[in-house]
Every structure is written in C-alpha cells, then in structure tokens.
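Now for the letters of each chain:
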Amino acid sequence: MELNPPQQEASVYIDGPLLVIAGAGSGKTRVITTKITHLIKECGYAANSIAAVTFTNKSSREMKERVRQLIPSKASRGLTVSTFHHLGLTMLRKECKSVGLKSTFTILDSQDSCDLVKELIRDYPLEADTEAKKIQWKISSLKNDMITPEQAMANASLESDYFISKVYHRYQEHLQAYNAVDFDDLILKPVHLLQNNVDVREKWQNKLRYLLVDEYQDTNMSQYELVKLLAGVRGQFTVVGDDDQSIYAWRGARPENLMRLATDYPALKIIKLEQNYRSSKKILRSANTLIANNPHAITKNLWSDLAEGPAIQAVVCQNDEDEAKQCVSMLLHHKFNNRSKNSEYAILYRGNHQARILEKYLRESSIPYLLSGGTSFFAKTEVKDIMSYLRLLVNPEDDSAFLRVINTPRREIGTSTIQKLSNYATSRNCSLFAAIYEFGLEQTLKPKAVSKLRQFGDWLNLLSDNTKRGDLIANVRQMVRDIDYPLWCEEQSETPRKAEAKMENVDELIQWLTRMHEDQDKDTLEDCISHLALVDILEKQNEEEDDDDRVYLMTLHASKGLEFPHVFIVGMEEEILPHRSSIEEDSIEEERRLAYVGITRAQKSLTFLMAARRRIAGELRESTPSRFLDELPKDDIEWMEKGKPSQLSEEERKKRGQDHLANLKAMLTGD
DNA sequence: TGGGGTGATATTTTT
DNA sequence: TATCACCCCA
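Residues numbered from 1 in each chain as written. Chains lettered and ligands numbered in written order. Predicted model: local features only at pLDDT ≥ 70, side-chain atom pairs only at ≥ 80, totals over all residues. Heavy atoms only, no water.

Trainee: I'm lost on the overall build of chain A in this one. Help?
Mentor: Helix and strand content of chain A: 31 helices and 19 strands. Counting all 671 residues of chain A, 53% fall into the buried class. Taking all contacts inside chain A whose residues are at least 6 apart in sequence as the whole, residues at least 24 apart take part in 77%. When the accessible area of chain A is evaluated, it comes to approximately 31,400 Å², of which 50% is carbon and sulfur surface. (Helix = DSSP H or I, 4+ residues; strand = E, 2+ residues; numbered from the N terminus. Buried < 20%, exposed > 50% of the residue type's maximum accessible area, 1.4 Å probe, protein only. Contact = heavy atoms within 4.5 Å. Areas by Shrake-Rupley, 256 points an atom, 1.4 Å probe, with all protein chains shown as cover.)

Trainee: So what exactly am I meant to see when it comes to the packing of helix H9 (residues 185-196) against helix H11 (residues 221-231) here?
Mentor: A pair of packed helices can be characterised by two numbers: the angle between their axes and the separation between those axes. The contact between H9 and H11 brings their axes to 9 Å, and the two run at 40 degrees. Comparing the axis directions of H9 and H11 gives the class oblique. In this structure, the crossing between H9 and H11 has a hand that is left-handed. Along the contact surface, H9 presents Ile187, Leu188, Pro190, Val191, Leu194 and Gln195, while H11 presents Ser222, Gln223, Glu225, Leu226, Leu229 and Leu230. Within the contact of H9 with H11, the residues separate by chemical class into eight nonpolar, three polar and one charged. (Axes fitted to C-alpha atoms, helices over the stretch in contact; angles between N-to-C directions. Parallel < 35°, antiparallel > 145°, perpendicular 65-115°, else oblique. Left-handed = near helix turned anticlockwise from the far one by under 90°. Nonpolar A, V, L, I, M, F, W, Y, C, P; charged D, E, K, R; others polar.)

Trainee: Honestly, the nonpolar core in this entry has me stumped. Any pointers?
Mentor: Soluble globular proteins tend to pack their nonpolar side chains together in the buried interior. Judged by nonpolar contacts, the single largest core of 46 residues is most densely connected at Ile386, Leu390, Phe402 and Met479. Excluding its chain neighbours within four sequence positions, the residues that come into contact with Phe402 are Leu392, Leu421, Leu432, Phe433, Ile436 and Phe456. (Core = buried A, V, L, I, M, F, W, Y, C linked by side-chain atoms within 4.5 Å.)

Trainee: Would you explain the packing of aromatic side chains in this entry?
Mentor: In this structure the tally under the stated criterion is twelve aromatic pairs. Summarising the aromatic geometry, the rings of Phe55 and Phe84 are spaced 5.2 Å apart at their centres and angled 55 degrees between planes, so their arrangement reads as tilted. Of the two residues, Phe55 is situated in the loop between strand S2 (50-54) and helix H3 (57-70) and Phe84 in helix H4 (residues 84-95); the sequence distance between them amounts to 29 residues. A relative accessible area of 23% places Phe55 in the partly exposed class. Note on Phe84: relative accessible area 1%, which makes it buried. Aromatic pair Tyr248 and Trp250: ring centres 5.9 Å apart, planes at 45 degrees, arrangement tilted. Accessibility expressed as a relative area gives 13% for Tyr248, which makes it buried. (Phe/Tyr/Trp six-rings, centres within 6.5 Å; stacked < 30°, edge-to-face > 60°.)

Trainee: What's the story with the protein's contact with DNA strand C in this structure? I'm lost.
Mentor: Around DNA strand C sit Lys118, Arg356, Arg615 and Gly618, and those are all the residues in its vicinity. In this structure, a phosphate oxygen belonging to DNA strand C sits 3.2 Å away from a side-chain N or O atom of Lys118. Partitioned by chemical class, the residues of the surface near DNA strand C number no nonpolar, one polar and three charged. (Near = heavy atom within 4 Å. Polar contact = N/O pair within 3.5 Å; in protein donor to acceptor, adjacent residues only side chain to side chain.)

Trainee: Quick question: what am I supposed to make of unusual backbone geometry here?
Mentor: Keep in mind that most residues, glycine aside, have a negative phi and that most peptide bonds are trans. A positive phi angle, near 55 degrees, is found at Asp484, a position not held by glycine. Mapping Asp484 onto the fold places it in the loop between helix H22 (472-482) and helix H23 (485-492). A relative accessible area of 44% means that Asp484 is categorised as partly exposed.

Trainee: Help me understand the pairing of strand S16 (residues 602-611), please; the structure alone is not making it clear to me.
Mentor: Two faces belong to every sheet, and in a regular strand the side chains alternate between them. With nine of its ten residues buried, S16 lies for the most part within the structure. Here five bridges tie strand S11 (residues 312-317) to S16, and the two strands are oriented parallel to one another. Each residue of the ladder has a partner; that of Val315, found in S16, is Leu609. Here strand S15 (residues 564-569) pairs with S16 via five bridges, running parallel. By the bridge assignment, Phe564 is partnered in S16 with Ala602. (Pairing = 2+ DSSP bridges.)

Trainee: Sorry if this is basic, but what is going on with H11 here?
Mentor: Helical geometry: 3.6 residues make up each α-helical turn, so side chains three or four residues apart lie on a common side. Of all eleven residues making up H11, nine are buried, and the element is well covered by its neighbours. Taken together, the buried positions of H11 are occupied by Ser222, Gln223, Tyr224, Glu225, Leu226, Val227, Leu229, Leu230 and Ala231. Within two residues after H11, Gly232 carries a phi angle of roughly 60 degrees, on the positive side.

Trainee: What is the right way to read the protein's contact with DNA strand B from this model?
Mentor: The immediate surroundings of DNA strand B are formed by 22 residues, with Asn57, Arg251, Arg350, Asn352 and Thr555 found nearest. The sugar-phosphate portion of DNA strand B accounts for 56% of its atoms within 4 Å of the protein, the bases making up the rest. For DNA strand B, a phosphate oxygen lies 2.6 Å from a polar atom in the backbone of Asn352. One nitrogen or oxygen atom from the side chain of His579 is found 3.3 Å from a sugar or linking oxygen belonging to DNA strand B. Taken together, the residues that form the surface near DNA strand B break down as four nonpolar, eleven polar and seven charged.

Trainee: Looking at this structure, I do not really get the sheet that holds S11. What am I missing?
Mentor: Either a parallel or an antiparallel arrangement is found when strands of a sheet pair, and the pairing is made through backbone hydrogen bonds. The strand order across the open sheet built from seven strands is S13-S14-S12-S15-S16-S11-S19, with neighbouring strands paired in parallel fashion. Looking along the sheet, the strands with just one partner apiece sit at the ends: strand S13 (369-371) and strand S19 (637-641). Here the average twist between neighbouring strands, direction ignored, is 20 degrees. Lying over the sheet, helix H29 (residues 588-599) contacts strand S12 (345-349), S15 and S16, oriented at roughly 130 degrees with respect to S16.

Trainee: Looking at this structure, how should I read the environment of Asn294?
Mentor: Looking at the element boundaries, Asn294 is found in the loop between helix H13 (281-291) and strand S10 (303-304). Separated by 294 residues in the primary sequence, Asn294 and Ile588 have C-alpha atoms spaced 9.1 Å apart. Within the structure, the side chain of Asn294 is placed 3.3 Å from the backbone oxygen of Glu589, a separation counted as a polar contact.

Trainee: How do you make sense of the side chain of Asn144 when you look at a structure like this?
Mentor: With respect to the helices, strands and loops of the structure, Asn144 is situated in helix H6 (residues 132-144). Using a relative accessible area of 10% as the deciding quantity, one classes Asn144 as buried. Look past the residues within four positions of Asn144 in its chain and what remains in contact with it is Asp184, Asn220, Met221, Ser222 and Arg251.

In structure tokens:
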C-alpha cells in the first residue's frame, strides 16, 4: 500500500522541525517507520544517530518490529527505538558520574518509592492523614513539572504543600544516599545534566542527530525539555501527536506542548494526516461531531473512504447487572450472525471496577476474555523476590533489596535482628550489607544471629565473585537453586499448580535476562537488571497468550492506540463517562476526548450501553445518559431499551435468559 | 507467619 | 456493597 500525499510529505521532510498532527487511525506509525528507513537509506543518516522515542515498552517493541520489516537488521544496527525512560536510563548509565551517582545505581519502582515515602512520613505521625500514595503522587507531579524541592518549599502557600515539599526534599536526599533514582529521575536527571553541562549536551546533540517522538501530546514538562535539549538549535526532529487524543493531562501530560513547539521553533512545519483508514463513515462522523464540542487550537477534518457501515447502537438497560448481561448477549448474537471471532470484540469502560461484572457474565457464557491491567509481572512476589536477589548481587549496598531478601526464603533472621542491624547501620552510616561485617555488631547482637547474617553475606559474596567471572545466566540459575526457591514457592502456594506458575514466572524472568544478555550486548549483569526493571513482561506474556481467541476487556485509557472491528462501550452515563470528579473539577474536555478515543477504536460496529439504575458504593442510584450521547449525530444512532420487566416473573425471565444463552452457545459450538 | 478481623475507600496508569 | 490494606493475635 502506498502512502497518501501528506503521509509521503511527512516521511521525507527533513528541512527542519516537523510536527505531524495525526488523527486517529491515520497511519502515523507507518509514517514514523517509513521516515526512519528514509533517513537511513536516502539521507545518509547513520542508524545510530537516530532515536525514535515512545511512551510504552509495548509501542516501542511494535515500532522496532515494523522497522525490522522495512529494512534489513544490518542497516538498522545501532538505531535507538526506546521509551523516554529507557533513553534517559541509557544517558544516565553513560553519564552517572556527572550527576553524582555511582555506576551501581538502582532504580526504584513505584512500590519502592512509595515505601520510601511511607518511611519518611513515619516520623510525622501528626501529618499522617495525607497518606504515602498521595504524597508520592504529588512529589512525582512536582518532578514532572521540573520543580525542585527548594522551589516547591518557596512556592508552598498551604501548610500541607509545605509539608509535602519537605518530604520531597528528604526523599531526594534519601535517593541520593541510597545511590538510587526513581522513574521520574530517569528523565529529570538527564535534563538537569544537559542544562548544566555544555560538553555533555554537545556530545549528545552530536550523537543523536535526528529525533522522532510518538504520541507527543502525552509529553510532560520534563520530557518536552529533554527533547528540546537533545534537538538543540539544529532542531532536526519529527514529532507526531493528536491533541484530540490527549487523555493523560491528569498525570502531567501537557498537550499544549504541541503548539508550544511553534513558539520555540519558528521554522516549525506542520503536516496534518486527516484520512482515516480505520472506521466506517458513521463511526467517524460520530467521533468528529462529538469532538467538535471541544475548543481546538489546531483544526482538523478527519474523513474516511470506507463504507457507511451499520447504525451505532445505544442501549438503555435496567441496571448494571442487566447492562453486562445485555452486552454479553449482544456480543454473542453479533458473533453468531457475523461468524466472527472473539478477538474482533472489545468491551471498553471508564473504571477498572466495571470489568468485574462483565467478567462474571462472560464466564457464565464461557466466552474467553483478556483483561488488560492486572497485576504487572514485576509486581508479582516471586519476580520481585528474584529481582531483589539480582539487584543485591549487582549492588550489595541496595538496602531495600537486602530487606526484601534477607529472610525470604526463611533464614531464621527475625525482625528484631533486622531492627538491630538496621539501627546499627544507621548509626554507622553504612549499608545493611556492610554492617554485617562490622565488629561492633557483636555487641548488639547474639553470636548466633551474627553468624547467620555473615553466612548470608559470605554466600552472596561468593556468588557475586562467580558471576563476575563465569557464565552469568548459569550463576543466576545456581542462585535460584542455592536459595531453594522452588521449595519456597511450594510452601507459599495453596496448590501445586500455583507453585508451578510461580516458578514459570521465575523462569520467564531468567529467559528475559538471557535474551537481553545475548542480543543487546549488555555484558554485565547490572546493565541487564536495570534494563529489566524498566520492561514490563506482562505485556509480552499477554501477547504470547494472544493467539487464542479472546474478547478484549479494558479501560478506555488502555485502549488508546488499538483498534477492534467491533466495540462496546459500557457505562455511558453522567458521573461515569464524564466521570463525577471530572464534572466537579470542570475537566469535561478530557473526558470528551476519552469518549472520542473509545469511539475511534471501532472499525465496523459500535455499541453504547448504559444502565438506568446503578449500584454505586452499595447504593442503588438513578442515572442519566451521558451528555456525550446527546452530542452525537442523531441520525446515526439507533436507540433501544432492553431488559424491561415484562409480565413474566423474575424466575421465569432468568430461566429464559439462560435458555437463550444456552441456545446461542449450542448454535455456535454445534455449528 | 499467616489468618482473621477491622476500617477505610470507591478514576484513569506508564515507567 | 465489595474489596483491600493493615494490624494483631495465636
């Protein structure tokens, strides 16, 4: 398939900074990947001087894959396709000395940093009403806005803000002391480095001579700054985004960054991709009509060449149970009539809790589904355990890893021993690991406890030595054996099946390590581990499980960037789709964009569902149809009411419903 | 150490 | 109303 004229223009334009406004389904990834190959093949750019930046591991993987399809891997060797955070990490690894980090620095995940905040506010029990999660969130917001603790303290007008900035200050001090960074630092530290160090800045500007950024409307302040610093005055970059798909302002994204570019780079060229290759005319018209209710800095007229398509359905159900039931039954009907596969359907909703009831009915009808947004692979205990061992192996000073691992599996080192060890380490201002071998420890601890600790320390030292010399992966496997981890898994699981699943996860982790070790020429364990900490294997697992045919179940947020032939959006009600708090905070526009994102996921058919009554926080409440439904073109929407109580008794209806489902199932399976 | 009882809490989430 | 984190006790 050929590129259309604006796509073509965007992929060959290299005379200066370029902003591509890419409407939903307009083929932006194709433009980016084509442009990368164009830069390498036609414009003489070395692959290793090009960086394409995305937000998620998933999209960066996808982009890598698509580049691979376009040019031989030899030609793209050295090309950077990574997330913002990966790019930041790469820079930090190379420049850690300049920002006061030892090369062994570790990355705290959100759980770790939350624990750290919790620890920090423990000393202020009076202020504990604002709990750790919220404070962590605010610290993160400040960091995304590039506000230093000092600035935050100076700006704080409220007592609570002042408190938060004080915690922020201490938080940063502790990170420094731990030789650790959090996710936000992966962007922020490189930004500060490039701002303050001309040599380093020029070095990176010369290394990365062309930048491409995807989903630009999702960049926050620090990411904007990073791109700007890397691009420099030369301004050789292409950014792609869509202001109508900005749905992450609540976590610091600044969609106005799109237009800010025009100010910062007067030479900015703007190209719009307005042909949609995804949705039927009716679906696209609905999306356009809806989003026209938002103010626009950039006008855009998305059009489609595809068929008119079937009417969009809006189904009013009795209550939330009924809504889920109708949704599943309509899906089943549709599937039967169109002989389609489960994987052609997606059910989208505003909040994760809405998934539960859908799951219930999907299970009842034995429809397999894929729920996105479960516990991430790295949040699983077994993975966290092994990761902590690995982190400790790389950096024995990593206290949080030490604490997690010291008595897992059990080593008969109890809380009181650890408490004393920790006190001692604090007084000597050294790491927990270092404290094990201090002479003074014998005064506070029983000899038995000391010998247990040293036994652990000796083991770790030996393993660490072996790892430096011998085969990395073999040593990791040896470690898992040494600690009898399979046995521990069995003890921790109710069923042998679960223990097995845990060990499979451990194995998956090691396999990832192996792969990384082999193909990304990361020869040291520490490189592998720090990279691994940034990769979400869950996504990978999902993809692998994808080949069986399942209905997709996900939030509207999670659906961005995806497409499905048939889409159901449930909970089209006031206080849910414009969410209640968004109504209160007067941020309807982002909610409208969220609805827009949902609608534009659909290729062929689109169905809205709503419940006339809904259980919210245990209370049955009347609900009003979402205002967004009123904003859609009337002629394209077909309204219907379902689940009206008939003369039949509740029992009878229930039975008929089940019979109906059973019939459908029989038709489908007994085909 | 794990289970049970209790109380708070109820958007969206990636790295 | 349902879930979850947290705490305490055996």
